[in-house]
Every structure is written in C-alpha cells, then in structure tokens.
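Commentary on secondary and tertiary structure
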Amino acid sequence: MSIEKAAVMSYDPENIFAKIIRAKAPAHRVYEDDWTVAFMDLMPQADGHTLIVPKHEARDLLDAEPYVLGKTIQTTQKVARAVKVAFSADGVMVAQLSGAAAGQTVFHLHFHVLPRYDGVDLRFHGKEVAPAEVLAEHAERVREALRAQSD
Ligand code: AMP
C-alpha cells in the first residue's frame, strides 16, 4: 500500500463514535465496561438497533487486534441476548461493515445488533433519526434486560 493510501485509511480520533466513547458527544448508552461501550443507533433500522464499539482505536474488523475483537464480540453477544428479550424478537441479526464499499459510514469498528421478526424487513440504513424520547425508552428496555441477565 502506498504511503498516501495508508494516510487516507488512518484512524480519525475525532470520529463520532470516538467522541461518544469519551463522552464528548451524546448517546443513549446501554452498557460500558473497561473494553467496550454499547449505545442505541441514532437512525435505527429496527426498534432496539444497538451498536457495540471497542474503546481501542480501530477503523474496522480488518485492522482490529484479535484481543480487542474478542472483548467486543463478547459484549455483542451479551447485548444481543438482552435486545432479543427486550424487543421480543424472533431472531437477532449481527452486522459489521468494513470499508466504504461495504456501506461503512463511521470509521470506528462497530457491530450492529438488530432485532428481527419473521416476515418483517429492516428500515433503510442510516436514513432517519429517531426521536430522542423513543431512543431513551428503548435504551431503558435494553438496560433492564441486561440487569436481568446479571441477577
Ligand atoms: P455503518 O454504516 O456500519 O458505519 O453504521 C454506522 C451507524 O451509525 C449507522 O447505523 C448510523 O445510523 C449510526 N450513527 C451515526 N451517527 C450516530 C450517532 N451520533 N449516534 C448513534 N448512532 C449513529
């Protein structure tokens, strides 16, 4: 890879998810530990659409350290279980987009957790911002399901 291309592909510490991790931008957070943060997607493709990010800097799946991926997928599983219960879903879709050509729009590694229902399509990707009060209520449902997991 050329030096120019490598520079273009470098991690931007001012991306929106990095700011959310540092609590410099608002988000409806549902979970945090030493390694990861989870929060509601601002433009949910389904009610309960949640994102899980590592605190480490990584643009996507391809440049993340394996131990960072391990921690992040553990949180993804925990959140996916909670979202399935909180939204009475038939199934859960976990998605990860690496690179603009794959549809990635925020260049800090993240996993999408989406509740799925038999015969129901997802809404469009990153199109419509949900009202803050709706996201707040959905976040509380996920938090409650996470609390129930640890009881
Ligand atoms: P991707 O296209 O895989 O990079 O997904 C980025 C996701 O981030 C999209 O689903 C957006 O709706 C979501 N998103 C963008 N900005 C924010 C934000 N400030 N807070 C929460 N989610 C966001």
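As the structure is a prediction and not an experimental result, all values here were calculated from the model.

What follows covers helix α4 (residues 132-150). Taking 1.5 Å per residue as the helical rise, α4 with its 19 residues ought to reach 27 Å, and the 27 Å between its terminal C-alpha atoms agrees with that figure. Here α4 has its buried residues at Leu135, His138, Ala139, Val142, Ala145 and Leu146. Down the axis of α4, the buried set is contained in an arc of 125°. They therefore lie on one face. Here the buried face of α4 lies against β1 (29-32), β2 (36-40), β3 (50-54) and α3 (66-86).

With that settled, consider the side chain of Gln104. One can find Gln104 in the loop between β4 (91-95) and β5 (111-116). Looking at Gln104, its side chain comes within polar contact range of the main-chain oxygen of Arg59, at 2.9 Å. A polar contact of 2.7 Å, which involves the side chain of Gln104, links it to the backbone nitrogen of Gly99. When neighbours within four sequence positions are excluded, Gln104 is seen to be in contact with Arg59, Asp60, Leu97, Ser98, Gly99 and His110.

Attention shifts here to the packing of α3 against α4. Axis separation between α3 and α4 bottoms out at 8 Å; the angle between their running directions is 115°. Of the possible angle classes, the one that applies to α3 and α4 is roughly perpendicular. Crossing handedness for the pair α3 and α4: right-handed. When α3 is examined against α4, the residues Lys78, Val79, Arg81, Ala82, Val83 and Ala86 are found in contact with a partner set consisting of Arg141, Val142, Ala145, Leu146 and Gln149. Class assignment for the residues of the contact of α3 with α4 results in seven nonpolar, one polar and three charged.

A few words now on the pairing of β5. Counting buried positions over the six residues of β5 gives five, a clear majority of the element. Relative to β5, β3 runs antiparallel, the two sharing three bridges. From the neighbouring strand, Thr50 faces β5, where its bridge partner is Val113. Here β4 runs beside β5; their pairing, made up of five bridges, is antiparallel. Across the sheet, Val94 pairs through a bridge with Val113, a residue of β5.

Turning our attention to α3. Along an α-helix, residues three or four positions apart point the same way, because every turn accommodates 3.6 residues. The first and last C-alpha atoms of α3 sit 30 Å apart over 21 residues, in line with the 30 Å expected at 1.5 Å per residue. Those residues of α3 that sit buried are Val68, Thr72, Thr75, Thr76, Val79, Ala80, Ala82, Val83 and Ala86. The inward-facing, buried residues of α3 abut β1, β2, β3, β4, β5 and α4. Just beyond α3, the residue with positive phi is Ser88, at close to 45°.

On to the site of the ligand. Around the ligand lies a shell of 18 residues, among which Asp41, Thr105, His110, His112 and His125 are the nearest. Between the ligand and the protein, one listed contact pairs a nitrogen atom with a backbone N or O atom of Leu42 at 3.1 Å. A distance of 2.9 Å separates an oxygen atom of the ligand from a polar atom in the side chain of His110. For the ligand, whose unbound accessible area comes to 500 Å², protein coverage reaches 93%. Looking at which element gives the most residues to the shell around the ligand, the answer is helix α2 (residues 16-21), with three residues. Among the residues forming the shell around the ligand, the class breakdown is 10 nonpolar, seven polar and one charged.

Basis of the calculations
- Numbering of residues starts from 1 in each chain and follows the order in which that chain's sequence is written.
- Given that the model is predicted, a residue must reach a pLDDT of at least 70 before its local features are reported, and side-chain atom pairs must reach 80 or more before they are shown or counted; all residues, however, enter totals for whole chains, interfaces and linings.
- Each side-chain value is worked out from all heavy atoms of the structure, with water and hydrogens disregarded.
- Secondary structure elements follow DSSP: runs of H or I no shorter than four residues count as helices, runs of E no shorter than two count as strands, and numbering proceeds from the N terminus.
- Any helix carries an expected span of 1.5 Å times its number of residues minus one.
- Burial classes: relative accessible area under 20% of the type maximum marks a residue as buried, over 50% as exposed, and values in between as partly exposed (1.4 Å probe, protein chains only).
- To be clear, the arc concerns the directions from the helix axis to the C-beta atoms.
- When checking whether two residues touch, look at their non-hydrogen atoms; a contact exists if any pair is within 4.5 Å.
- Any pair of N or O atoms that falls within 3.5 Å is considered a polar contact. Within protein, one atom must be able to donate a hydrogen and the other to accept it, and sequence-neighbouring residues count only if both atoms are side-chain atoms.
- In this description, a line fitted to the C-alpha atoms serves as the axis of each element, helices being fitted only across the stretch in contact, and the angle between N-to-C directions of two axes falls anywhere from 0 to 180 degrees.
- Any angle that is under 35 degrees is reported as roughly parallel, and any over 145 degrees as roughly antiparallel; angles of 65 to 115 degrees are reported as roughly perpendicular and all others as oblique.
- Take the far helix as your reference; a near helix turned counterclockwise from it by less than a right angle gives a left-handed crossing, and one turned clockwise gives a right-handed crossing.
- As a working rule, the residues Ala, Val, Leu, Ile, Met, Phe, Trp, Tyr, Cys and Pro are called nonpolar, Asp, Glu, Lys and Arg charged, and the rest polar, with Gly in that last group.
- Any two strands with at least two DSSP-identified bridges between them are counted as paired.
- Residues are labelled near a given molecule or strand when at least one of their non-hydrogen atoms is within 4 Å of it.
- The Shrake-Rupley method, run with a 1.4 Å probe sphere, supplies the accessible areas, and residue values consider only the shown protein chains as cover.

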